[in-house]
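# Structural features, examined
If you want the building blocks of each chain, they are given just below.
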Amino acid sequence: MIEVDRLTKRYGSTVAVDDLSFQVLPGRVTGFLGPNGAGKSTTMRAVVGLDLPTMGEVRVNGRSYASIRRPLCEVGALLDASAVHGGRSASSHLLCIARSNGIGPSRVNTVLEMVGLATVARRRIRTFSLGMLQRLGVATALLGNPGVLLFDEPVNGLDPEGIWWIRALMKQLAAEGRTVLVSSHLMSEMALTADHLVVIGRGRLVTDASVTDLLSRSSRNRVRVRSPQAGQLSALLTQDRADVRVQPGPDSALEVLGMDAPAVGELAAAHGVVLHELSTQQASLEEAFMDLTRDSVDYRTGLDPLQATSPNASPGTPTTVGSRP
Amino acid sequence: MPPDATPRDLAGPPTGLADGTPPGLPADQPGRAVPPRPSAATGRRDTFGNALRCEWTKLWTVRSTYWTLFAAFVITVGLAAIACGATANQGGDVGGEPAALSLSGIFMAQIALGVLGVLVISSEYGSGMIRTTFAAVPNRLVVLAAKAVVFAGVVVVGAFVACLVAFVLGQQLLRSTGQQASFGDPEIVRIVLGATAYLTLIGLIGLGLAAVIRHTAGALGILFGAMVVLQIAVQFLPGELQEDVLPYLPATMAVSIVTVNPPAMSLSAEGSIALLSVYTALVLLGGAWSMVARDA
């Protein structure tokens, strides 16, 4: 279990993390999401004591990281896979790290087998591809067989097989009862892995919710309806309902926001309107994420990417939990 | 010795994942019992011992260690052979300092050992490996101390062997001139041990500088600036000022350490070693402060 407690980290006048609090519980994969520059890496570095908090603290299993005698046996972290000395072989690299925590050399071979690098154990790290470096980083994290694992952007540089592998690994680690925190700036990636999401933007907590909750809350959920009497239906839907909006969708369909599919169906039936299609269009996790972080992107273009790619997207301001004023 | 038995065995390790076999377990089973994990705090109080073993392994698993130690040895012994051989060949006079002549290689060898000292730390900052190191050993003073102890231990042995071989070989070559020294002569043991200490301290200064500067090139620049450039710059000072400054420069101290009769304008050999130790301690303290106070 990881507890981030009112963590604040400033670099000069830049506030990287701003009064951030959340907990990461064991037994599930927690996705740590935010746009680039949101403070994900800073937070993760603070967990393993690399960055000293300006204020607040981080506890792992109830203690500060620095007070753990053999930290690798409690917390494993993959923060930057390329942060290795290129001149060492993979097995020498792992052996050095194992020795620092009194971990026996046999464990080195075990983790190399686990990540599929056993055949290149004697090769210098300099010759490794990005994907192999990621696997070596995972091996390092697993070295002490820790109950808490942190992965910062683990799928970077992996080939499709590697991505598939790391997703399965994270799920397995969580299923074994470990605490797993995985950061990413890609919501779509998290949709496939995470059970729970902690979303931050500009160093602040945007939301801390399960994936299911987040999806059902998104303002981009809409009902798609097709009818030969579209004009009549549209008028019916918006009549006396200020919170319902109807907009044209693809294929001459209508998209209804602010009303669920049963209600639309019942209304149509009551007025004898023929429907050819009635379906719920759930927002993708990516859209939900964009909604949440809309106000907290550091480097934004003048273009709203959603508006640009999907002309039917709602321009409405999303309601978010815990979003900044 | 250490808790060599692997920590706990990974309960049902995802071994199958190595070849891409599915792990079989669905993600949504958080109800499963957490495998018992004995607290790491119950481990033996051998944090420093583990850090030493870690740094020892690090030192001997990169090529630069072998290259720099090899270079230091070859330079020390090679220059002894050249200097003493040439002097003997020409029937020259060693000015009563046969030991110094055979140890003249240390002025070059210190560069190789300084490079090694710098690399022990700067290679980790340069690559980012230092973050892995600090995550494994959160007490950064333990990291620095372990690095310094392992480095000093290796260099003391290496430098002593090199100085010994250089001295014996050099005196052997000087035999034909009848000016050779032996271990029975006054100051000789002090000179060989002093040269060893000098080389080790210069290496440690490099190590400490790298902890402050964090960049290989920057740390090397300052180290060699202090050893060589400063010495040259001082030559341009007016005479009196020169006399005030020269005795406190490393190169002058090296001369007084390896000579039987140190030059007039210099500290005694013992004084030089003591002052160089103070320099080393100050640089290492600066390094310790920098490591602890600044984010990795």
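All of these numbers come straight from a predicted model, not from anything done at the bench.

Rules used in this analysis
- Residues numbered from 1 in each chain as written.
- Chains lettered and ligands numbered in written order.
- Predicted model: local features only at pLDDT ≥ 70, side-chain atom pairs only at ≥ 80, totals over all residues.
- Helix = DSSP H or I, 4+ residues; strand = E, 2+ residues; numbered from the N terminus.
- Buried ≥ 20, exposed ≤ 12 C-beta atoms within 10 Å, placed from the backbone.
- Contact = placed C-beta atoms within 7 Å.
- Pairing = 2+ DSSP bridges.
- Axes fitted to C-alpha atoms, helices over the stretch in contact; angles between N-to-C directions.
- Core = buried A, V, L, I, M, F, W, Y, C linked by C-beta atoms within 7 Å.
- Domains from an automatic or database assignment.
- Expected span 1.5 Å × (residues − 1).
- Left-handed = near helix turned anticlockwise from the far one by under 90°.
- Nonpolar A, V, L, I, M, F, W, Y, C, P; charged D, E, K, R; others polar.
- pLDDT = per-residue confidence, 0-100.

### With respect to the overall build of chain A
- Within chain A one finds eleven helices and 13 strands.
- Residue burial in chain A is summarised as follows: out of 325 residues, 51% are buried.
- Pairs at least 24 apart in sequence give 71% of the contacts found in chain A among residues at least 6 apart.

### Topic: the overall build of chain B
- Across its full length, chain B holds eleven helices and zero strands.
- Across chain B, helices and strands are ordered from the amino to the carboxyl terminus as α-α-α-α-α-α-α-α-α-α-α.
- Put simply, chain B has 296 residues, and 46% of those count as buried.
- A sequence separation of at least 24 residues applies to 77% of the contacts in chain B between residues at least 6 apart.

### Comments concerning the pairing of strand β13 (residues 277-281) of chain A
All names here are of chain A.
- Summarising burial for β13: zero of the five residues are buried, a small minority.
- With five bridges joining them, strand β10 (residues 222-226) and β13 adopt antiparallel strand pairing. What sits directly across from Arg 222, in β13, is Gln 281.

### Looking at the sheet that holds strand β1 (residues 2-11) of chain A
Residue and element names in this part refer to chain A.
- Judged by pairing direction, the sheet is antiparallel, and its three strands sit side by side in the order β2-β1-β4 without closing on themselves. Of all the strands in the sheet, just β2 (14-24) and β4 (55-60) have a single pairing partner and so form its edges. Taking the axes of each pair of neighbouring strands and ignoring which way they run, one obtains an average angle of 20° across the sheet.

### Observations concerning the nonpolar core
- With 170 residues, the main nonpolar core has Leu94(A), Leu136(A), Ala139(A), Leu103(B), Val118(B), Ala195(B) and Tyr198(B) as its most contacted residues.
- Other than its neighbours up to four places away in sequence, Leu103(B) contacts Ala80(B), Cys163(B), Ala166(B), Phe167(B), Ile191(B), Ala195(B) and Val258(B).
- Formed by ten residues, the second largest nonpolar core is a distinct cluster that contains Val225(A), Leu233(A), Ala253(A) and Leu254(A).

### Comments concerning the domain arrangement of chain A
- Split into domains, chain A comes out as domain 1 (2-74 + 146-216) and domain 2 (222-281).
- A straight line from the C-alpha centre of domain 1 of chain A to that of domain 2 of chain A covers 41 Å.

### A few points about helix α11 (residues 269-293) of chain B
- Across its 25 residues, α11(B) extends 36 Å between first and last C-alpha, which sits within 8% of the 36 Å expected from 1.5 Å per residue.
- Tucked into the core, α11(B) has its buried residues touching α6 (140-174), α7 (188-213) and α10 (250-258) of chain B.

### Observations concerning the environment of Leu173(B)
Residues and elements named next belong to chain B.
- You can see Leu 173 is positioned in helix α6.
- For Leu 173, a count of 23 C-beta atoms within 10 Å puts it in the buried group.
- A C-alpha to C-alpha distance of 48 Å links Leu 173 and Gly 128, two positions 45 residues apart in sequence.
- When sequence neighbours within four positions are dropped, the list of residues in contact with Leu 173 reads Ala 81, Cys 84, Gly 85 and Ala 88.

### Re helix α4 (residues 130-142) of chain A
- Taking 1.5 Å of rise per residue, the 13 residues of α4(A) would be expected to cover 18 Å, and the 19 Å separating its terminal C-alpha atoms lies within 8% of that figure.
- Buried residues dominate α4(A), accounting for eleven of its 13 residues.
- Looking at the packing, one finds that the buried side of α4(A) touches β5 (75-78), α2 (90-100), α3 (106-115), β6 (148-152) and α5 (160-175) of chain A together with α5 (129-136) of chain B.

### Some words on the sheet that holds strand β11 (residues 245-248) of chain A
Residues and elements named next belong to chain A.
- As summarised here, the arrangement of the four strands in space is β11-β12-β10-β13, forming an open sheet in which the pairing is antiparallel. What marks the edges here is a single partner per strand, and that holds for β11 and β13. Across the sheet, the mean angle separating the axes of adjacent strands is 25° when strand polarity is ignored.
- Contacts from helix α8 (residues 230-238) reach β10, β11 and β12 (254-257), with the element oriented near 5° to β12.

### Concerning the pairing of β5(A)
All names here are of chain A.
- Burial along β5 is two-sided: Val 75 and Ala 77 facing one way and Gly 76 and Leu 78 facing the other are all buried.
- Sheet topology note: the β5/β6 ladder contains four bridges and is parallel. Its bridge partner lying in β6, Val 75 is registered against Val 148.

### Thoughts on the packing of α6(B) against α11(B)
Residue and element names in this part refer to chain B.
- Relative to each other, α6 and α11 sit at 145°, their axes nearing to 9 Å. Between α6 and α11 lies a crossing of right-handed hand. Here Arg 140, Leu 141, Leu 144 and Ala 148 of α6 come into contact with α11, specifically with Leu 284, Gly 287, Ala 288, Met 291 and Val 292.
- In terms of residue class, the contact of α6 with α11 is made up of seven nonpolar, one polar and one charged.

### Describing the confidence of the model for chain A
- Of the residues in chain A, 90% have a pLDDT of 70 or more, and the chain-wide mean is 86.
- Ignoring residues within four places in sequence, the model shows residues 304-325 of chain A, a span with pLDDT below 50, making 30 contacts including any to other chains.

### Some thoughts on the packing of helix α4 (residues 106-127) of chain B against α7(B)
Residue and element names in this part refer to chain B.
- Closest axis-to-axis distance for the α4/α7 pair is 7 Å, and the angle between their directions is 35°. α7 is crossed by α4, and the crossing has right-handed handedness. Counted together, Ile 106, Ala 109, Gln 110, Leu 113, Gly 114, Leu 116, Gly 117, Val 118, Val 120, Ile 121 and Ser 122 of α4 and Ala 195, Tyr 198, Leu 199, Ile 202, Gly 203, Leu 204, Gly 206, Leu 207, Leu 209, Ala 210 and Ala 211 of α7 form the full contact between these two elements.
- In terms of residue class, the contact of α4 with α7 is built from 16 nonpolar, six polar and no charged.

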